[in-house]
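Here is how the chains run, residue by residue.
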Amino acid sequence: MELKQLSALELGKKIAAGEVKVKEAVDAAFAVSDEKEADIHSYITIDKEGAYAAAEKVQQAIDKGELSSPLAGVPVAIKDNMCTEGILTTCASKILCNFVPTYTATAVEKLKAAGAVILGKTNMDEFAMGSTTETSAYGVTRNPRNIAHVPGGSSGGSAAAVAAEECFYALGSDTGGSIRQPAGYCGVVGIKPTYGTVSRYGLVAYGSSLDQIGPLAKDVSDAAAVLEAISGYDEKDSTSIDRKDLDFTASLKEDVKGVRIGIPRDYFGEGLDPEVAASVKAAAAALKEAGAVVEEFDLALVKYAIPTYYTIADAEASSNLERFDGIKYGYRTEDYTDLHDMYKKTRSEGFGPEVQRRIMLGSFVLSSGYYDAYYLKALKVKALIKQAFDDAFKKYDVILGPVAPTTAPKLGESLSDPMKMYLGDIYTISANLAGIPGLSIPVGRDAAGLPIGMQLFGDCFKEDVIIRTGYTYEKIRGAF
Amino acid sequence: MSREYETVIGLEVHVELATKTKIFCGCSTQFGGEVNSHTCPVCTGMPGSLPVLNKQVVEYAIAVGLATNCEITRHGKFDRKNYFYPDNPQNYQISQLYLPICRNGYVEIETEAGGKKKVGIHEIHMEEDAGKLIHDEWGDVSLVDYNRSGVPLIEIVSEPDMRSAEEVIAYLEKLRMFIQYLGASDCKLQEGSMRADVNLSVRPVGSDKFGTRTEMKNLNSFTAITHAIENERERQIDIIEAGGSVIQETRRFDDNKGESYAMRSKEDAQDYRYFPDPDLIPLDVSQEWIDRIKSEQPEFRPEKMARYKEEYGIPDYDIGIITDNKRMADIFEEASAICGQPKKVSNWLMVETLRLLKEKNMDAVDIRYSPKHLAALIDLVEKKVINSSVAKEVFEKMFDDDTDPVQYVEEKGLKQETDSGAIKAICEQVIADNPQSVADYKAGKEKAIGFLVGQTMKAAKGKADPGTVNALLRELLS
């Protein structure tokens, strides 16, 4: 097996055993990038210099026995909305075209402490707003499984980099499905943990109450190990939760006997591609075969998830993105007559159309006279959706469904119809609204060879059961 | 004519809290400092940074709320107030709109007529201060200093319960007293740690409907507030008398010119699009927390005044001045406890301390000397180690840098000459050198003895007890 094909944990073992040098792992990843980036464009920034410097330091620390993490020396790609000190961080936006942070996000800091080597910053939808990575100001990313198609989004660069073997794992962020959906489209594993599990400090905010950082990896074991490395209470993030049950790798067991799996009928209705439906149902049947209790049920309020999500996320985004004004950092327009002219031109030129659309929507739902009718109502519906999941988790340990209604669309098909793009988030956004963890895992391919993803939801703080179920399914499925 | 109108006034008072660090990050709140030196990713609005609430801010806000008879909100939140301005790095200010920390309180003031009146407090909320713009007149640019960005503030919003400038000042003095006594702020109007915006309208006496109000800003002294109120009252009455109507607007008062001008009208009012800040978790205040803060409330001025009268027997006038400021009162109590001479302590506060404060243009909160040093100084005088004129000199030094008086007197050799032989020798010398004065004294001119005492003190370099010298001279001349 070639070095680039190893999983992160397999590579980590070899590095720990001295069979592979960190530099060789970095070489292997960059060799793939050198060959494939022209087609795929996973990265906005590739930091070869920084990666090799880090590789040397990490190698020394490993040799001295100072690093014991299973991920020590394993190269990683970071989504470009996480601050990395000294490395350009653009959020795929023109408005941050020159922004080099003075500090590093907590999740990235934790990976560095574990001996990770950062290869670069991956492409994404601008400010994580989009489902295809086509709203990036720095060009599209293509799906490594079929370059006529999108990789999904918004963490499309991270998913593509993992699928193309340009890195051994990657970090993404998920506000409405931005880890799970591209993982599904690219045929890799992604986890969005329970809200509050991974610190948001240093993650450039989109929808603060929904955003979570999580792993995109080659398999469930890698995803669990990465999640374990980046989780933990952070005093710099008030919404961070002090959890004790963070040994996610302990759940890597082949055992689903008695696990109660609920399949929401509403997730298999109109709009779902039959090939996707068939693959996901087959995966559910396989789990049943392995001892799980599988049944269908009605999950309430599914149709309200999309309007609720876009109201809340856009409202928060409209405020979160106010700081990009040309004053302190980032892009500033060339010519302006006064302060307000500068603000207007900077923001009109600096933000792309999708971001501007969401800022407008968000500003509208928060404006005086509409706040109660839209934003406040959305918060109430969010609470009801959470209640619906609470009720469901009284009966089931896992909720199983597709990641997206279709496989990855062709490039250029989605942006012309934003409503259609928004509707594509139907199965993923509920997890963000309810704050629950979700895992996306490949279960098959459609006729065009594009991956089909399955999604497993657990109750809050129940990553263990979805990791165990995902791991078991992966063993049944075999190599993807 | 204007006697037919009643003035209706409500205040919005901003108070900068005396925490060591900012409200949402660990940066220092210290005044001054190199431009942008007290900053971090949080208070400069860097992408990805997040606010974390400083608990001490809540503690101070609750303490002020309890002192002003407010209900404390048990489940509160912070909201974002969205508006674009370069001194506001996130382009939203974290404040409290929907669930402020304190509500429905009141402050009791004494009216001119000698009665008591309650001024209602609508709410007290917590928020962050903004940075400061520095305009470079030569370079045609403006720069921003974020040292003040994120400094904690409370805004105390009164009900429109005040009817005159006197009532406004009485209310502000009462607020200031509570807040200073709590140690929550130094409340300096000139430096901006206490800022009052005046909302004012007029209406015909007897009317129960409010007139259109204006909001007056930039008032940085009690005098300016008084002037602004009188000026605005006249301005509004003139408009109404001339058949016009008052426009709801924000006005800026220029105390030098004694007039105000419009800053922005209601039509320019922005939509701040307030919503709960999703980066901060709801603020739950337990009964235990409130009880603890309540139990730690200090003795406030009225109770203190009554106790001083009872316990120390110093004049009402002294009590009034000493308790005007908690720093003074603390020094008084501590120094009195150590030296057991409250009257003497009071004298040092009333005379020398006030003189030096005035001379150096300082505020009582800035007094640096420690009570134990004042007690020691009193003791030195009492034991006749130094005389009162040397004591004044030592006090000045102590006032500047809290010098230990005992050590200072020792080091500088300022002790009184207690060797009666040596003093006698000096007296004899002075008598020999001043035959005319001696003759005058002997001729019955009492004043001459004063001159001789002075000469002796001078010869002894001040280190003699004037009483002893006086007695000795009389003895030698008799």
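Residues numbered from 1 in each chain as written. Chains lettered and ligands numbered in written order. Predicted model: local features only at pLDDT ≥ 70, side-chain atom pairs only at ≥ 80, totals over all residues. Heavy atoms only, no water.

1. Looking at the overall build of chain B
So, point 1. When helices and strands are counted, chain B shows 15 helices and 16 strands.
So, point 2. The C-alpha atoms of chain B give 29 Å as radius of gyration, which overshoots the globular expectation for 478 residues (23 Å, by more than 25%).
So, point 3. Referenced to the eigenvectors of the C-alpha coordinate spread, the extents of chain B come out at roughly 90 × 60 × 55 Å.
So, point 4. Taking contacts inside chain B between residues at least 6 apart in sequence as the whole, the part at least 24 apart equals 70%.
So, point 5. In chain B, 60 side chains carry a positive charge and 81 a negative one; their mean positions are 3 Å apart. (Helix = DSSP H or I, 4+ residues; strand = E, 2+ residues; numbered from the N terminus. Rg over C-alpha atoms; globule rule 2.2 N^0.38 Å. Contact = heavy atoms within 4.5 Å. Lys, Arg positive; Asp, Glu negative; His and termini not counted. Charge placed at Lys NZ, Arg CZ, Asp CG, Glu CD.)

2. A short note on the pairing of strand S4 (residues 169-174) of chain A
Residue and element names in this part refer to chain A.
So, point 1. The element S4 is largely enclosed, with a buried count of 6 among its 6 residues.
So, point 2. Side-chain alternation along S4 places Tyr169, Leu171 and Ser173 on one buried face and Ala170, Gly172 and Asp174 on a second face that is also buried.
So, point 3. Relative to S4, strand S2 (residues 75-79) runs parallel, the two sharing 3 bridges. The residue of S4 that forms the bridge with Ala77 is Ala170.
So, point 4. Relative to strand S6 (residues 212-217), S4 is paired through 6 bridges, and the arrangement is antiparallel. Bridged to Ala170 within S6 is Leu216. (Buried < 20%, exposed > 50% of the residue type's maximum accessible area, 1.4 Å probe, protein only. Pairing = 2+ DSSP bridges.)

3. Quick look at the interface of chain A and chain B
So, point 1. Listed per partner, the contact involves 38 residues of chain A and 31 residues of chain B.
So, point 2. The largest contributions to the chain A side of the interface with chain B come from Ser238, Glu322 and Arg323 of chain A, which together make up 24% of the buried area.
So, point 3. Across the pair Arg200 of chain A and Asp279 of chain B runs a salt bridge, and its minimum N-O distance is 3.1 Å.
So, point 4. Linking chain A with chain B are 21 residue pairs in polar contact (both at pLDDT 80 or more).
So, point 5. Going through the elements one at a time, helix H9 (305-320), helix H10 (339-350) and helix H11 (353-366) of chain A are the ones with two or more residues in the side of chain A that touches chain B.
So, point 6. It is H9 of chain A that provides the largest number of residues to the side of chain A that touches chain B, a total of 5 residues.
So, point 7. Tallied by class, residues from the side of chain A that touches chain B come to 16 nonpolar, 12 polar and 10 charged. (Buried area = accessible area lost by both parts, 1.4 Å probe. Salt bridge = Lys/Arg side-chain N within 4 Å of Asp/Glu carboxyl O. Polar contact = N/O pair within 3.5 Å; in protein donor to acceptor, adjacent residues only side chain to side chain. Nonpolar A, V, L, I, M, F, W, Y, C, P; charged D, E, K, R; others polar.)

4. Looking at the domain arrangement of chain B
A common way to state how big an interface is: give the accessible area lost once the parts meet.
So, point 1. For chain B, the domain assignment lists domain 1 (2-289), domain 2 (299-411) and domain 3 (420-477).
So, point 2. A separation of 64 Å is found between the C-alpha centroids of domain 1 of chain B and domain 3 of chain B. (Domains from an automatic or database assignment.)

5. Quick notes on the environment of Glu232 of chain B
All names here are of chain B.
So, point 1. Mapping Glu232 onto the fold places it in helix H3 (residues 222-241).
So, point 2. Ignoring any residue separated from it by four or fewer positions in sequence, one finds Glu232 in contact with Leu200, Thr214, Met216, Arg251 and Ser260.
So, point 3. Among the polar contacts listed, one links the side chain of Glu232 to the side chain of Thr214, at a separation of 2.8 Å.
So, point 4. Within the local environment of Glu232, its side chain forms a polar contact with the side chain of Gln236, the two groups lying 2.9 Å apart.

6. Quick word on helix H10 (residues 388-401) of chain B
Residue pairs three or four apart in sequence face the same way in an α-helix, which turns once every 3.6 residues.
Residue and element names in this part refer to chain B.
So, point 1. Compared with the 20 Å implied by 1.5 Å per residue over 14 residues, the 20 Å span of H10 between its first and last C-alpha is a close match.
So, point 2. Summarising the contacts, the buried residues of H10 are in contact with helix H8 (342-359), helix H9 (371-382) and helix H11 (405-411).
So, point 3. Looking one or two places after H10, you find Asp402, whose phi comes out positive at around 55 degrees. (Expected span 1.5 Å × (residues − 1).)

7. As for a nonpolar patch on the surface
So, point 1. A contiguous nonpolar surface patch, about 320 Å² in accessible area, is contributed by Val35, Ile134, Val141 and Leu143 of chain B.
So, point 2. Structurally, the position occupied by Val141 of chain B is in strand S9 (residues 141-145). (Patch = residues over 30% accessible without salt bridge, like charges linked within 9 Å, V, L, I, M, F, W, Y side chains within 5 Å. Areas by Shrake-Rupley, 256 points an atom, 1.4 Å probe, with all protein chains shown as cover.)

8. Quick word on unusual backbone geometry
So, point 1. With omega at 10 degrees, the peptide bond leading from Gly153 of chain A into Ser154 of chain A counts as cis.
So, point 2. With respect to the secondary-structure elements, Ser154 of chain A resides in the loop between strand S3 (117-122) and helix H5 (156-163).
So, point 3. Backbone geometry places Asn91 of chain B, a non-glycine residue, at a positive phi of 65 degrees.
So, point 4. Positionally, Asn91 of chain B belongs in the loop between strand S4 (79-82) and strand S5 (92-95).
So, point 5. For Asn91 of chain B, a relative accessible area of 0% puts it in the buried group.

9. Concerning the packing of aromatic side chains
Where two aromatic rings form a pair, the distance of their centres and the angle of their planes describe that pair.
So, point 1. One pass over the full model with this rule turns up 31 aromatic pairs over all chains.
So, point 2. Centroid distance Tyr343 of chain A to Phe84 of chain B: 5.2 Å. Interplanar angle 65 degrees. Geometry classified as edge-to-face. Of the two residues, Tyr343 of chain A sits in helix H10 while Phe84 of chain B sits in the loop between S4 and S5, which places them in two different chains.
So, point 3. Classification of Tyr343 of chain A as buried rests on a relative accessible area of 4%.
So, point 4. The side chain of Lys281 of chain A reaches across the aromatic face of Phe268 of chain A, ending 4.7 Å from its centre.
So, point 5. The lysine or arginine in question, Arg80 of chain B, covers the ring of Tyr92 of chain B, its NZ or CZ lying 4.1 Å from the ring centre. (Phe/Tyr/Trp six-rings, centres within 6.5 Å; stacked < 30°, edge-to-face > 60°. Lys NZ or Arg CZ within 6 Å of the ring centre and 35° of its normal.)

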